[in-house]
Amino acid sequence: MEKQEYTITLYTENAIGMIGRISGIFSRRKINIESLNTSPSEVEGIHRFTILIHESEEVVRKLCRQIEKQVEVLKAYYNTNEELIWQEQALYKVPTEIIAEKAPVERLLREYGASAVVIRNDYTVFETAGHREEIDRLTSELGKYKLIEFVRGARIAIIKDSAGFHSKLKQFERETPSPEIVENEYLDQQDDVFTM
Amino acid sequence: MSTLEKTEATPQTETATTTQISGSQAVLEALIHEGADTIFGYPGGAIMPIYDALYDYNDRLNHILVRHEQGGIHAAQGYARTSGRVGVAFATSGPGATNLVTGLADAMIDSNPIVCITGQVFAALLGTDAFQETDVINITTPVTKWNYQVTDATEIPSVLAKAFYIARTGRPGPVLIDITKNAQIQLFDYEGYEKCDYVRSYRPAPIVRHEYVEQAAQVINQAKKPFVLFGQGIILGKAEQEFKHFIEKGGFPAATTVMGLSALETDHPQHVGMLGMHGNYAPNVMTNECDVLIAVGMRFDDRVTGRLDKYAKQAKVIHLDIDPAEIDKNVKATVPVWGDCKETLPLLTSLVEKRDHSAWLQQFRELEKEEVKAVIHDELNPTGEVMTMGEVIKTLNELTGGDAVIVTDVGQHQMVACRYAKFNSSKSNVTSGGLGTMGFGLPAAIGAWYGAPERDVIVVVGDGGIQMTIQELGTIMQFGAKVKILVLNNQFLGMVRQWQQLFNDKRYSFVNITSPDFVAVAKGYHIDGNSISERENLYSALKTMLEHDGSYLLEVMVGKENNVFPMVPQGASVSEIRLK
């Protein structure tokens with residue numbers, strides 16, 4: 001199966017050691033995590049992980065099942081880029097004199113929608129957010145003009161079709177979930193898989 | 001995070017009066033409430049407060065002082081396997097805790113319900129490289145179902161309730177609770193113990209989906225050549241009766257994995273043997289002949305499947321398992337039947353049509369005849385001078401009638417015991433299946449005896465394996481577990497030697513192992529014993545061992561270079577199984 005970018009979204013309890021617990025599931029299989037972000041979610045007390053990996057769908061599905069087995073993990077989703085709105089943030093530190101002297105730099109920053117966060121005599125810090133390719137392109141352009149420092153943040157993503165976790169969380173509440181609740185997305189597709 | 005918030009348990013009958021107790025007392029109270037009457041443990045600096053509290057609980061808790069923490073956890077595993085209850089092991093911090101790791105990994109892969117309590121240095125010293133400090137939580141994360149570090153005594157009742165709940169429910173597994181010394185000492189207002197029956201983020205078993213049970217029944221009812229594979233899930237789910245009804249109604253031939261042994265009695269007319277690398281000929285070959293493969297509570301281990309791309313490709317696969325991660329992991333399921341087999345099997349049985357597949361079953365019996373002719377007959381009735389492992393097990397069967405608990409270590413003797421031992425009832429086979437832990441046998445047998453003290457417990461062990469944990473003879477000596485130790489001595493690390501013979505041109509590299517005088521060693525521990533090398537003494541020697549009141553060690557000298565056959569060579573398909 002073809003490898004491609006998958007974004008894994010996890011909803012977990014906010015427990016100590018969760019990053020290690022989850023990253024171990026990847027490292028055990030010698031899979032590199034391209035980026036990992038943890039943040040609060042739309043539900044109070046529930047944490048959200050966003051993990052980017054480059055793998056085949058079969059592997060990603062197995063990984064998600066293994067991750068869901070972790071006691072503190074409530075739910076794991078995986079999505080392709082088409083199914084997501086996603087952003088990565090970047091910060092650039094550039095010598096202020098270069099921006100003042102070289103018009104192309106300023107044009108470049110404007111073109112990429114970068115905005116200044118800090119302006120000092122010696123350097124200026126710009127911030128931008130976007131897709132990986134755009135950021136990579138800006139980085140390589142700025143590299144020509146004495147880029148002092150660069151950092152890119154982990155991917156964060158919103159699932160286009162998701163209704164959020166508030167309703168999903170109800171399945172995990174103490175009352176027995178109703179039988180029509182879907183256990184796993186895979187089971188929904190069983191009708192396609194199952195042939196007599 | 002606060003675990004207390006998430007462990008909302010239903011109130012049990014417990015007085016609401018508040019008393020001050022220490023964290024250590026709370027640990028022991030938890031064990032009593034969970035019915036964990038036997039502890040296998042070893043004290044040390046960081047767990048001393050718990051051992052001090054134990055001094056006053058001696059009448060309610062039976063603590064067995066093992067000789068090594070690895071022995072402690074293997075004993076807890078043996079206890080869990082024969083009793084069906086949660087096994088408990090205590091160890092101190094640092095080396096005590098790291099010595100548990102092999103047992104945790106073994107319990108994890110073989111789904112044993114275990115709760116380990118480890119002492120830890122004072123919370124204030126965490127991360128300072130304090131004496132006997134190790135990062136036990138991080139070390140054990142991949143080999144536990146759940147682990148948690150307690151630094152405050154008030155957490156202990158709810159954390160232990162959660163630990164037992166997680167260990168025994170769903171697909172069972174080992175849980176480790178690391179308790180810092182300050183928390184063990186700390187006094188707090190104890191409001192009684194409440195058992196846990198719910199953790200928000202943990203769902204023990206997936207909800208049974210009736211449409212998939214129906215689809216599975218549909219597929220099964222159309223099958224001409226259905227074949228059932230069963231694993232330990234039957235035993236863990238306590239679904240032996242449900243399983244028997246299922247195969248009897250459908251008339252299915254059924255084969256076991258190593259871990260599933262004894263879930264169905266060996267003599268059942270539809271039991272067609274054991275799967276896997278050293279399993280029986282018929283079930284391996286027929287895996288690639290059947291049209292519907294029904295896997296119940298088993299996980300398609302590579303030792304069972306051989307080469308995956310040539311495994312049962314012709315068959316529709318119905319997979320019943322409680323663990324969603326097992327579905328499609330190795331073998332793609334045509335219909336996955338998720339859930340506890342105690343629940344799913346009766347549903348499926350009610351939809352399956354009563355059938356008689358005797359002609360199909362007969363095909364298994366025909367292949368079995370070939371195996372008997374090529375392998376089994378000579379293994380069980382050898383004409384050569386030296387004894388075979390097979391004839392020892394056969395003679396043991398004659399004496400026990402199949403009622404004993406058979407514990408094994410790992411290697412040739414394990415495969416021979418699993419192939420030939422007769423089992424009449426469930427929870428009679430204790431072996432290290434997934435991890436293949438040499439040294440498992442002797443300590444596991446000790447625990448197995450405490451789990452079922454009314455039964456005969458016999459550990460079949462090789463001359464290599466027993467030397468890995470032979471110190472546990474000391475535990476037997478001190479506490480009197482009536483374990484019968486049957487050492488099958490071929491003076492080699494037999495299984496590795498067999499592979500070197502077959503695949504490395506007989507270049508025997510470090511498989512020649514010398515042994516002490518095992519009978520003398522046992523005698524040193526005040527355990528009676530005997531060593532035999534003549535066939536004529538076999539029956540009486542085994543009889544003496546079994547009739548001896550107390551532990552006994554019998555060493556049987558067997559053929560040095562005997563091989564276990566049939567064999568599916570690594571990387572070969574199950575249908576390419578070799579009879580010699």
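All values derive from a computational prediction rather than experimental measurement.

Caption draft 1: Inspection of the overall build of chain A at higher detail. A count of helical and extended segments in chain A gives eight helices and nine strands. Within chain A, the fraction of its 196 residues that count as buried is 25%.

Caption draft 2: The arrangement of the sheet that holds strand β12 (residues 292-296) of chain B in detail. Residues and elements named next belong to chain B. In spatial order, the strands read β11-β10-β9-β12-β13-β14; together these six strands make up an open sheet with parallel pairing. The two strands at the open ends of the sheet, each matched to only one other strand, are β11 (271-274) and β14 (335-338). Direction aside, neighbouring strands of the sheet carry axes that sit 20° apart on average.

Caption draft 3: The packing of helix α4 (residues 69-83) of chain B against helix α19 (residues 441-451) of chain B, seen in detail. Residues and elements named next belong to chain B. Remark: α4 packs on α19, axes separated minimally by 6 Å, with the N-to-C direction vectors making an angle of 40°. Comparing the axis directions of α4 and α19 gives the class oblique. Here α4 runs over α19; the crossing is right-handed. Touching G71, H74, A75, A76, Q77, G78, Y79, A80, R81, T82 and S83 of α4 are P443, A444, A445, I446, G447, A448, Y450 and G451, all from α19. Taken together, the residues of the contact of α4 with α19 sort by class into ten nonpolar, eight polar and one charged.

Caption draft 4: Representation of helix α6 (residues 101-109) of chain B in the model. When we look at burial in α6 of chain B, the residues that qualify are T102, G103, L104, D106, A107 and M108 of chain B. Packed against the buried residues of α6 of chain B are α4, β5 (114-120), α7 (136-140) and β7 (174-180) of chain B.

Caption draft 5: Structural view of the UniProt feature "domain: ACT" (unreviewed entry) in chain A. With numbering aligned to this structure, UniProt lists the feature "domain: ACT" (unreviewed entry) at residues 7-81 of chain A. Helix makes up 31% of residues 7-81 of chain A and strand makes up 44%, while its end C-alpha atoms are separated by 7 Å.

Caption draft 6: Representation of the nonpolar core within the structure. By size, the foremost hydrophobic cluster in this structure holds 188 residues, and its most contacted members are I114, V115, I177 and I318 of chain B. No other element matches helix α8 (residues 156-168) of chain B, which puts nine residues into this core. For I318 of chain B, the contacting residues outside a window of four places in its chain are A216, V219, I220, V292, I294, A295, A333, T334, V335 and V337 of chain B. Formed by 18 residues, the second largest nonpolar core is a distinct cluster that contains Y11, I46, I51 and L63 of chain A.

Caption draft 7: Quick look at the UniProt feature "domain: Thiamine pyrophosphate enzyme central" (unreviewed entry) in chain B. Within this numbering scheme, the UniProt entry marks residues 213-346 of chain B as carrying the feature "domain: Thiamine pyrophosphate enzyme central" (unreviewed entry). End C-alpha atoms of residues 213-346 of chain B are separated by 10 Å, and the span's content is 31% helix alongside 20% strand.

Caption draft 8: Representation of the sheet that holds strand β4 (residues 73-79) of chain A within the structure. Residue and element names in this part refer to chain A. Sheet architecture is open: four strands sit in the order β2-β3-β1-β4, paired in antiparallel fashion. Among the strands making up the open sheet, the edge pair consists of β2 (33-40) and β4. Going across the sheet, the axis of each strand differs from the next one's by a mean of 20°, ignoring polarity. Where strand β1 (residues 3-13) and strand β3 (residues 46-56) come together, eleven bridges link them in antiparallel fashion. When the sheet's bridge partners are listed, I8 is paired in β3 with I51. Sitting on the sheet, helix α1 (residues 18-27) touches β1, β2 and β3, and the angle it makes with β2 is about 155°. Taken strand by strand, helix α2 (residues 57-69) contacts β1, β3 and β4, and its axis lies near 170° from that of β4.

Caption draft 9: Geometry of the UniProt feature "domain: Thiamine pyrophosphate enzyme N-terminal TPP-binding" (unreviewed entry) in chain B. Under the present numbering, the feature "domain: Thiamine pyrophosphate enzyme N-terminal TPP-binding" (unreviewed entry) in UniProt falls on residues 22-137 of chain B. Across residues 22-137 of chain B one finds 41% helix and 18% strand; the C-alpha atoms that close the span lie 23 Å apart.

Caption draft 10: Layout of unusual backbone geometry. All names here are of chain B. Here the bond from F565 into P566 is cis, since omega is 0°, no more than 30 degrees from zero. Along the chain, P566 falls in the segment after β20 (552-557). Even without being glycine, Q132 reaches a positive phi, approximately 55°. Here Q132 is to be found in the loop between β5 and α7.

Caption draft 11: Representation of the pairing of strand β13 (residues 316-321) of chain B. Most of β13 of chain B sits out of view: six of its six residues are buried. Neither face of β13 of chain B is open: one carries K316, I318 and L320 of chain B, the other V317, H319 and D321 of chain B, and all of them are buried.

Caption draft 12: Geometry of the confidence of the model for chain B. Residue and element names in this part refer to chain B. Chain-level pLDDT for chain B is 95 on average; 97% of the residues reach the 70-or-more range. Long-range and interchain partners of residues 1-11, a stretch whose pLDDT sits below 50, account for 28 contacts in this model, where long-range means more than four residues apart. The ipTM for the predicted assembly is 0.88, set against a pTM of 0.93.

Cut-offs used in this document
Residues numbered from 1 in each chain as written. Chains lettered and ligands numbered in written order. Predicted model: local features only at pLDDT ≥ 70, side-chain atom pairs only at ≥ 80, totals over all residues. Helix = DSSP H or I, 4+ residues; strand = E, 2+ residues; numbered from the N terminus. Buried ≥ 20, exposed ≤ 12 C-beta atoms within 10 Å, placed from the backbone. Pairing = 2+ DSSP bridges. Axes fitted to C-alpha atoms, helices over the stretch in contact; angles between N-to-C directions. Parallel < 35°, antiparallel > 145°, perpendicular 65-115°, else oblique. Left-handed = near helix turned anticlockwise from the far one by under 90°. Contact = placed C-beta atoms within 7 Å. Nonpolar A, V, L, I, M, F, W, Y, C, P; charged D, E, K, R; others polar. UniProt positions renumbered as here; feature names shortened; annotations may be inferred. Core = buried A, V, L, I, M, F, W, Y, C linked by C-beta atoms within 7 Å. pLDDT = per-residue confidence, 0-100.

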